[in-house]
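Descriptive analysis of the structure
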Amino acid sequence: MIRVKLPTHLRVLAKVDGEVELAVDEPVTVAAVLDALESGYPVLRGAIRDQGTGKRRAFVRYFACEQDLSHEPPETPLPERVVSGDEPLLVIGAMAGG
Amino acid sequence: MSGVRVLVGTRKGAFVLNSDGKRERWEVSGPHFGGWEIYHVAGSPADPDRLYAAQSIEWFGQQIQRSDDGGRSWEPVGHDFSYEGETGTHQFYDGTAVPWQFKRVWHLEPSLADPDTVYAGIEDAGLFRTNDGGQSWQELPGLRAHGSGPSWQPGAGGLCLHTIIEHPTNPDRLFIAISAAGAFRTDDGGKTWQAINRGLLSDGIPDPDAEVGHCVHRLAMHPSRPDVLFMQKHWDVMRSDDAGDNWYEISGNLPSDFGFPIAVHAHEPDTVYVVPIKSDSEHYLPEGKLRVYRSRTGGNEWEPLTAGLPQENCYLNVLRDAMAVDSLDECGVYFGTSGGQVYGSADAGDTWAPIVSDLPPVLSVEVQTLP
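What you are looking at is a predicted structure, and each value in this text was computed from that prediction instead of being measured.

**Topic: the interface of chain A and chain B**
Facing the 19 residues of chain A at the interface are 17 residues of chain B. The three residues of chain A that bury the most area against chain B are A:H9, A:L13 and A:F59, which together make up 37% of that side's buried surface. A salt bridge links B:E75 to A:K15; the nearest nitrogen and oxygen atoms lie 2.9 Å apart. The interface formed by chain A and chain B contains eight residue pairs in polar contact (both at pLDDT 80 or more).

**Some points on the environment of B:A220**
Residues and elements named next belong to chain B. Mapped onto the elements of the fold, A220 is located in strand 18 (residues 216-221). Here A220 falls in the buried class, since its relative accessible area comes to 7%. Here the alpha-carbon distance between A220 and P261, two residues 41 residues apart in the chain, equals 8.9 Å. Ignoring any residue separated from it by four or fewer positions in sequence, one finds A220 in contact with I165, V228, L229, F230, I262, A263 and V264.

**Observations regarding the pairing of strand 16 (residues 182-186) of chain B**
Residue and element names in this part refer to chain B. Among the five residues in strand 16, five count as buried, and that is most of the element. In this sheet, strand 16 lies alongside strand 15 (residues 174-179) in antiparallel orientation, the contact comprising five bridges. Looking at strand 16, one finds that L174 is bridged to T186. The hairpin turn running from strand 15 into strand 16, its antiparallel successor, is two residues long. The pairing of strand 16 with strand 17 (residues 194-195) spans two bridges and is classified as antiparallel. Within strand 17, the residue paired with F184 across the bridge is A195.

**Quick word on the nonpolar core**
Considering soluble globular proteins, one finds that nonpolar side chains tend to be buried as a cluster. Among the nonpolar cores identified, the biggest contains 43 residues, and A:L6, A:V33, A:I48 and A:Y62 are the most heavily contacted of them. Residue contributions to this core peak at six residues, all from helix 2 (residues 30-40) of chain A. Those residues in contact with A:Y62 that lie beyond four places of it in its chain are A:V30, A:L34, A:I48, A:R49, A:R56, A:Q67, A:D68, A:L69, A:S70, A:L89, A:L90 and A:V91. One finds B:W26, B:V275, B:L328 and B:V367 within the second-largest nonpolar core, a separate group that totals 38 residues.

**Here we look at the packing of aromatic side chains**
Residue and element names in this part refer to chain B. The full count for this structure, using the stated rule, is 17 aromatic pairs over all chains. Ring plane angle 70° and centroid distance 5.2 Å describe the contact between F92 and Y93, whose orientation is recorded as edge-to-face. Accessibility expressed as a relative area gives 38% for F92, which makes it partly exposed. Through a chain of ring-to-ring contacts, three or more aromatic side chains come together here, namely F81, Y83, F102, F128 and W137. Against the face of W100 rests R144, its NZ or CZ located 5.5 Å from the ring centre.

Scoring rules and cut-offs
Residues numbered from 1 in each chain as written. Chains lettered and ligands numbered in written order. Predicted model: local features only at pLDDT ≥ 70, side-chain atom pairs only at ≥ 80, totals over all residues. Heavy atoms only, no water. Contact = heavy atoms within 4.5 Å. Buried area = accessible area lost by both parts, 1.4 Å probe. Salt bridge = Lys/Arg side-chain N within 4 Å of Asp/Glu carboxyl O. Polar contact = N/O pair within 3.5 Å; in protein donor to acceptor, adjacent residues only side chain to side chain. Helix = DSSP H or I, 4+ residues; strand = E, 2+ residues; numbered from the N terminus. Buried < 20%, exposed > 50% of the residue type's maximum accessible area, 1.4 Å probe, protein only. Pairing = 2+ DSSP bridges. Core = buried A, V, L, I, M, F, W, Y, C linked by side-chain atoms within 4.5 Å. Phe/Tyr/Trp six-rings, centres within 6.5 Å; stacked < 30°, edge-to-face > 60°. Lys NZ or Arg CZ within 6 Å of the ring centre and 35° of its normal.

Quick look at the structure:
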C-alpha cells in the first residue's frame, strides 16, 4: 500500500486521522497516487491540483525520501521506498504567513 | 418563541450565534472550518435548517459546506466551478487582457422558494447555480457573455460578483453587482443581462458615466418594493426607483459617502443603513468613531447611531457582506467588523451591544429569523 501524509486542513476535510493508505497500480507516480486519493476522497478534488488541468496548486508541494518532487513531471515514478510502503509521500502546504 | 440565528464568516472560520426573540443572550458555536476563510454563510428562506457556507483558502482552494440541521453539523458538497464554454478575457489591473480564472466564491444566495437551489457569485466574476443542494454547480454564462465583459476590471479585492438579489415574486428577475464592473439585471432567468448603471458617476474611470466600470460595493432591496434599489458605491450612496434603469445620489449629510455595506429595515422600506468609511485610501472609520447611519426617508437625511458603539480611537472597517437585518417585530440590525466584533441592535439601530468581541476579522454576517 502507498502511504500518503496530508496536511492538517486536508485531513480534516477528508475526515482521516494519520496517514492515508492507498492501493495504486504500477507504475506508481504522483499522478497515479493523486488519482487514487481523489477517487477515495472526492472532497480533495481541486484541493491539491486543479480539477480541470491537473496542475499542482501553487502553495502545495510533494516530498518523499527527503526529496522535493514538486517539479518533477507528474508521471515520474516515485522512489522505491514509497512504492514499497516504507516511506510516505508527503503532501505539504507551503509555509506562509497570516 | 421565535429566535434569531446570526451566521458569521471570518478570515479563520465560521461562527453561528443563536438567541431567542429578545436577542439579549447569545450562544456562540464555532469556529467551524477553523483556519479557512469563510467568505459567506447563508440560510435558505424556504428551510431555515438548510445552510450553505463558502469555505476557501489560498493553499487548498474552494469548498462548499452544507448543513441540514441549522449549523450543528456540516458536510462538504460540490465545489467545481468550471466556467461554461470559451472563457474569454477581462482586463487585469494594468489593463492587459487576462483569461477568466476561478478564484473563490464570494456570495451564496439560496433561492427564495427551493432549499436545493442556490446562486453563487464568484471571482473572477461569474454567476453559478445549483439545483441539487450544492452537489453540482452550473454557470449562467449569459452574464459573462455580456458585450462589456472584456472591459471589466477588478476592484482592489478582485473581480468579484458579490451581490445577488432575487425579485420576490418574479423568479426571472435577478440583480447582481460586480466590483468593478457595476450592476446588472436579468429579466429572463439569467439568459441575458443588461447593465444598469445609468446615473452613476465614478471619478476614477476615464468616462465617469460609462455603461460599465463602476465599483459598486453593495445593493439592497426591500421585498415589498422591489423596484426600489439602494446602492453603496465605492463613493456615493445611490437609489433607483425603476429597478436600476436610473440612479440618483442620496448621500445627503453623511460624513463620508464611501463605504461597503447597505441594508434596508425589514418592515420600513424607506429606512436604510450604511456605515461610512473615511476614504478609499484609508479604509477605516471617520474620526475614530463607529457610527451606523440610518435614513428614515429613503436617503439624503441621515442620523448617526452611536449608542453602545465605540466613539473614540476606533479605526475598524465593515465589509460589504457584513451587515444584515432580522425580521422580528422590532427589526434587529447586525454587523461585523475587521476587528472581530459582531454588534447587534434589537431596536432598529437605536442601541447596540457586542454579541462577540474577539473573533477573527469578519467577512460576512447573515441573519435568519426563526419561527
